[in-house]
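# Reading the structure
These are the residues of each chain, in order.
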2 protein chains.
Amino acid sequence: MKDEKPTSFDIAHLAGVSQPTVSRALRNSPLVSEETREKIQAIAKKLNYQVDINARNLRSKETKTLALLLCEDPGTDDSLINPFFLSMLGSITRASGKMGYDLLISFQQQSGDWNADYENAHRADGIIFLGYGDYITYMEKIAHLDRMGAHFITWGPVLAKQPGHFIGCDNLNSAYLSIKHLTDLGHKKIAFLGIASEHRPEFNQRYQGYVKALLEAGLIVNPKLQIDADTSEEMGYEATIELLKGKLQFDAIFGASDLIAIGAIKALQEHGKRVPEDVAVVGFDNIPTASYTNPPLTTVQQDTKLAGELLVDNILKLIRGEDVSSILMPAKLIIRDSCGAHLP
Amino acid sequence: MKDEKPTSFDIAHLAGVSQPTVSRALRNSPLVSEETREKIQAIAKKLNYQVDINARNLRSKETKTLALLLCEDPGTDDSLINPFFLSMLGSITRASGKMGYDLLISFQQQSGDWNADYENAHRADGIIFLGYGDYITYMEKIAHLDRMGAHFITWGPVLAKQPGHFIGCDNLNSAYLSIKHLTDLGHKKIAFLGIASEHRPEFNQRYQGYVKALLEAGLIVNPKLQIDADTSEEMGYEATIELLKGKLQFDAIFGASDLIAIGAIKALQEHGKRVPEDVAVVGFDNIPTASYTNPPLTTVQQDTKLAGELLVDNILKLIRGEDVSSILMPAKLIIRDSCGAHLP
DNA sequence: TTAACCAATGAATACGTATGTATTATGGGG
DNA sequence: CCCCATAATACATACGTATTCATTGGTTAA
């Protein structure tokens, strides 16, 4: 800036009072008389005065800032972000702004040194994690933060034993609903595209929902109909190719994320399979693209707006020292054309 | 945090040196002997010491932080963000991280009081604006910041007389290429969906490209084929309905953004028009969804990754006091099925 | 031998705010 | 008329770092 920024001393001088009085007046302290406060605030406005955030933070030991750490896989393409997380990001940004907090965002490679964390450096009052990638690796870092007594909250799978606090989708029941929809329509050989291991608990929970729905419909669970695939169109595509190459029959595919399902549709159509006539497909996330695929994708919608608000509300509670517990968020099935009508 | 954070004094005490020596050692100052530096750094590591960012910023008067202000229309839906800007956001985040800067993000209503800006409050060293909405209103705020000597850079339309520095797409030539593609295919009655006024210079530039291409192809420009539409699927849909209701013939639509084009395709198909057989459609932005519409959308791709890097590079130059000039970025046409083959 | 010099470090201080404590003025109750 | 409570303000200081200036001890050159 061209002209030197005015300080509280400048205002004090102009108002004929002391600096502490200015500090108090600007924060509407009851210790200052109304008359003085008005005079000071008028001068501050005229000078276009803004509190120096660093000085305030240094003194008061809080920052009114939240950090959002988006943890990515090492291999992630430089310019792509999972659209689902983008949606969460938007919602978190708004929610924190509404609560008077600034938001610092940072993308972290999972392998990176983000244990040199923000809060420790007084940079943020709390941290929101939005992570994907390997759960086990991830938990080590989380556990470390927890031991240090950091304020943080995580979007992710809610499990029985976890350090810290989580907010996450009710993956099991949401997947269950999707699969039940398929079995209700008469599908009997349903493939699961997604990694089902402890390294990807969200997917694992969805797999459990898949199993539950199959058993409930009196169908057998064939492990060969589960193909590993991570969240990307390419992985979904390749997993489907693998499925097509195998000799197993299948009449439906559950993609553990929309990107996987979209890749699956592409692979199916390129190999002469019609969707949904030959193979029905359902996804998970309801990313914006899901309603534009051909056919439009039946999928599970997570309420990202609510999720973002809850993440912010809860991290603020933690900062205030209040107690919070993990939250499991219900999701709902959005039925579109990709799973067709009841089979004959 | 549970245990009190260690300060440079703690380290100094343990190392048997003074605090300034610690400060210097941790920043690898040549004023400190190698032996001392190593000892100090070892202790710092053991204590898990992190510099207090607020104290450092207060003292050194810089923050190593950039602010990203995303300016929205007043009416914007709470949870939706234009996918194009999300892509920019991702790219800017990465670029600033790579340069060692943190990124503070904030969504601002255009009517809001974001002139009480971050830099003034020592919160960021510079500001990147990612704005849409009314250009005139917007410029007033920009001009004010410029008068105050703030460091900022803006993504937006590059015009002849502007305060501050801009980076933006070469809208005119990009739109020209799209329209030329349509005229080359034999289309003669091409509608323009988008606001063509000084309040939306990006669209206005695209309109000029549209006019240029038409004239060059020896076609007449019919103002009634230009329908106002802002960037949203709904607006594109409604504008197309308006077009369909009029008596004018048209064989192609240029949507000034992908969302507009997507809304147009929906409206056309709902009214029995085939795309591209009856009406060809092209868009602008190449948002992720564009390749999944039915038919896939021919559109203009902007290099958001490069744009993000340039924005960050240039704001850092401004912060360092170096000179920068506005940049016009070329875009390229992505040809998909929505404009079909050459007309008979 | 001594002055000059350099490397390494310490001492003192500034950055701008917020807050605990001391001070002054004012008014009311006895 | 005096004492005490209260309101309003000033004074002094802490927050943790970075930087300027002063100091020390050792080395080199004349």
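Refer to the structure above for everything that follows.
Figured I'd write up the structure that's included with this text. Remember, predicted model here, so these are calculated numbers, not experimental data. (Residues numbered from 1 in each chain as written. Chains lettered and ligands numbered in written order. Predicted model: local features only at pLDDT ≥ 70, side-chain atom pairs only at ≥ 80, totals over all residues. Heavy atoms only, no water.)

## Quick word on the overall build of chain A
Within chain A, the secondary structure is distributed over eleven helices and twelve strands. Principal-axis analysis of the C-alpha atoms places the extent of chain A at approximately 85 × 40 × 35 Å. A fraction of 73% describes how many contacts in chain A between residues 6 or more apart in sequence connect residues 24 or more apart. When the accessible area of chain A is evaluated, it comes to approximately 15,200 Å², of which 52% is carbon and sulfur surface. Charge separation in chain A, taken as the distance between the mean sites of 35 positive and 43 negative side-chain charges, equals 4 Å. (Helix = DSSP H or I, 4+ residues; strand = E, 2+ residues; numbered from the N terminus. Contact = heavy atoms within 4.5 Å. Areas by Shrake-Rupley, 256 points an atom, 1.4 Å probe, with all protein chains shown as cover. Lys, Arg positive; Asp, Glu negative; His and termini not counted. Charge placed at Lys NZ, Arg CZ, Asp CG, Glu CD.)

## A closer look at the protein's contact with DNA strand C
Around DNA strand C, a shell composed of 27 residues is seen, among which S8, Y49, R56 and R59 of chain A together with T36 of chain B lie nearest. The contact atoms of DNA strand C, taken as those within 4 Å of the protein, divide so that sugar and phosphate hold 58%. Q19 of chain A is positioned with one of its side-chain polar atoms (N or O) 2.9 Å from a base nitrogen of DNA strand C. Interatomic distance of 2.5 Å between a side-chain N/O atom of R59 of chain A and a base nitrogen of DNA strand C. Contributing elements (two or more residues each) for the surface near DNA strand C: α1 (8-15), α2 (19-26) and α4 (53-60) of chain A together with α2 (19-26) and α4 (53-60) of chain B. Classifying every residue of the surface near DNA strand C by side-chain character gives ten nonpolar, nine polar and eight charged. (Near = heavy atom within 4 Å. Polar contact = N/O pair within 3.5 Å; in protein donor to acceptor, adjacent residues only side chain to side chain. Nonpolar A, V, L, I, M, F, W, Y, C, P; charged D, E, K, R; others polar.)

## Observations regarding unusual backbone geometry
With an omega of 0°, the peptide bond between N294 of chain A and P295 of chain A qualifies as cis. Here P295 of chain A is to be found in the loop between β9 (280-282) and β10 (299-301). The backbone of N28 of chain B sits at a positive phi, close to 55°, despite the residue not being glycine. Its identity as a non-glycine residue notwithstanding, D285 of chain B has a phi of 130°, on the positive side. Of note, D285 of chain B is situated in the loop between β9 (280-282) and β10 (299-301). The exposure class of D285 of chain B is buried, given its relative accessible area of 9%. (Buried < 20%, exposed > 50% of the residue type's maximum accessible area, 1.4 Å probe, protein only.)

## A short note on the protein's contact with DNA strand D
DNA strand D sits among 27 residues. The nearest are T36 of chain A together with S8, Y49, R56 and R59 of chain B. In the interface set of DNA strand D, defined as its atoms within 4 Å of the protein, sugar plus phosphate atoms amount to 59%. Interatomic distance of 3.1 Å between a side-chain N/O atom of R59 of chain A and a base nitrogen of DNA strand D. Broken down by secondary-structure element, the contributors of at least two residues to the surface near DNA strand D are α2 and α4 of chain A together with α1 (8-15), α2 and α4 of chain B. Element by element, the count of residues in the surface near DNA strand D is highest for α2 of chain B, at four residues.

## Brief notes about the nonpolar core
Residues W155 and I253 of chain A together with W155 and I253 of chain B are the most contacted members of the largest nonpolar core, which totals 151 residues. Residues L104, M139, I142 and F152 of chain B belong to the second largest nonpolar core, which totals 31 residues. (Core = buried A, V, L, I, M, F, W, Y, C linked by side-chain atoms within 4.5 Å.)

## Digging into the side chain of D170 of chain B
Residue and element names in this part refer to chain B. Tracing the chain through its elements places D170 in the loop between β5 (165-169) and α7 (171-184). In this structure D170 is buried but unpaired, with K212 as the nearest side chain of opposite charge at 8.4 Å. Side-chain polar atoms of D170 contact the side chain of N173, separated by 2.8 Å. Beyond its immediate sequence surroundings of up to four residues, D170 is in contact with L328, M329 and P330. (Salt bridge = Lys/Arg side-chain N within 4 Å of Asp/Glu carboxyl O.)

## Some details on helix α10 (residues 258-270) of chain B
Since the α-helix packs 3.6 residues into each turn, any two residues three or four apart lie on the same face. All names here are of chain B. Across its 13 residues, α10 extends 18 Å between first and last C-alpha, which sits within 8% of the 18 Å expected from 1.5 Å per residue. In terms of burial, α10 is a largely internal element, ten of the 13 residues being buried. The set of residues buried in α10 consists of D258, L259, I260, A261, I262, G263, A264, I265, A267 and L268. Immediately beyond the C-terminal end of α10, within one or two residues, lies G272, with a positive phi of roughly 75°. (Expected span 1.5 Å × (residues − 1).)

## Observations regarding the sheet that holds strand β8 (residues 252-255) of chain B
Residues and elements named next belong to chain B. Spatially, β7-β6-β8-β9 is the arrangement adopted by the four strands of the open sheet, whose pairing is parallel. Edge strands, defined here as strands with exactly one partner in the open sheet, are β7 (226-227) and β9. Direction of pairing for strand β6 (residues 190-193) relative to β7: parallel, over a ladder of two bridges. What sits directly across from L193, in β7, is I227. (Pairing = 2+ DSSP bridges.)

## So, the sheet that holds β9 of chain A
Residues and elements named next belong to chain A. The strand order across the open sheet formed by four strands is β7-β6-β8-β9, and the pairing between neighbours is parallel. In this open sheet, the two strands that pair with only one neighbour each are β7 (226-227) and β9. Against the sheet, helix α8 (residues 201-216) contacts β6 (190-193), β7 and β8 (252-255), and its axis sits at roughly 170° relative to β6. (Axes fitted to C-alpha atoms, helices over the stretch in contact; angles between N-to-C directions.)

## Section: the packing of aromatic side chains
Residues and elements named next belong to chain A. Scanning the model with the defined rule gives 14 aromatic pairs over all chains in all. Residues F254 and F284 carry aromatic rings whose centres are separated by 6.4 Å and whose planes lie at 80° to one another, so their mutual orientation is edge-to-face. Linking F254 in strand β8 with F284 in the loop between β9 and β10, this pair joins segments that are 30 residues apart in sequence. When sorted by exposure, F254 lands in the same class as F284, which is buried. (Phe/Tyr/Trp six-rings, centres within 6.5 Å; stacked < 30°, edge-to-face > 60°.)

## Comments concerning the pattern of salt bridges
The final tally for this structure, using the stated rule, is eleven salt bridges over all chains. Residue R123 of chain B pairs with D102 of chain A through a salt bridge whose shortest N-O separation is 3.0 Å. Taken together, the residues R123 of chain B in the loop between β2 (102-109) and β3 (126-131) and D102 of chain A in strand β2 (residues 102-109) connect one chain to another. Salt-bridge contacts for D230 of chain B lead to R200 of chain B; the nearest nitrogen and oxygen are separated by 2.6 Å. One end of the pair, D230 of chain B, is in the loop between β7 and α9 (233-245); the other, R200 of chain B, is in the loop between β6 and α8 (201-216), with 30 residues separating them in the sequence. Like D230 of chain B, the residue R200 of chain B is buried in the burial classification.

## Quick word on the packing of α1 of chain B against helix α3 (residues 34-47) of chain B
Relative orientation and spacing of two packed helices are given, respectively, by the angle between their axes and the distance between those axes. Residues and elements named next belong to chain B. The interhelical angle for the contact between α1 and α3, taken along N-to-C directions, is 125°, at an axis separation of 10 Å. Classified by the angle between their axes, α1 and α3 sit oblique to one another. Here α1 runs over α3; the crossing is right-handed. On α3, the residues that touch I11, L14 and A15 of α1 are K39, I40, I43, A44 and L47. Residue composition of the contact of α1 with α3, grouped by class: seven nonpolar, no polar and one charged. (Parallel < 35°, antiparallel > 145°, perpendicular 65-115°, else oblique. Left-handed = near helix turned anticlockwise from the far one by under 90°.)

## Points about the environment of Y292 of chain B
Relative to the assigned elements, Y292 of chain B resides in the loop between β9 and β10. Y292 of chain B sits in the buried class, given a relative accessible area of 18%. The spatial distance from the C-alpha of Y292 of chain B to the C-alpha of I334 of chain B is 13 Å, given a sequence separation of 42 residues. Dropping the residues within four chain positions of it, Y292 of chain B is found in contact with E233, I262, T289, Y292, T293 and N294 of chain A.

## Comments concerning the environment of S91 of chain B
All names here are of chain B. With respect to the secondary-structure elements, S91 resides in helix α5 (residues 83-98). Taking C-alpha positions, S91 is 5.1 Å from K305, a pair spaced 214 residues apart along the chain. Excluding anything up to four places from it in sequence, S91 contacts T304, K305, G308 and E309.

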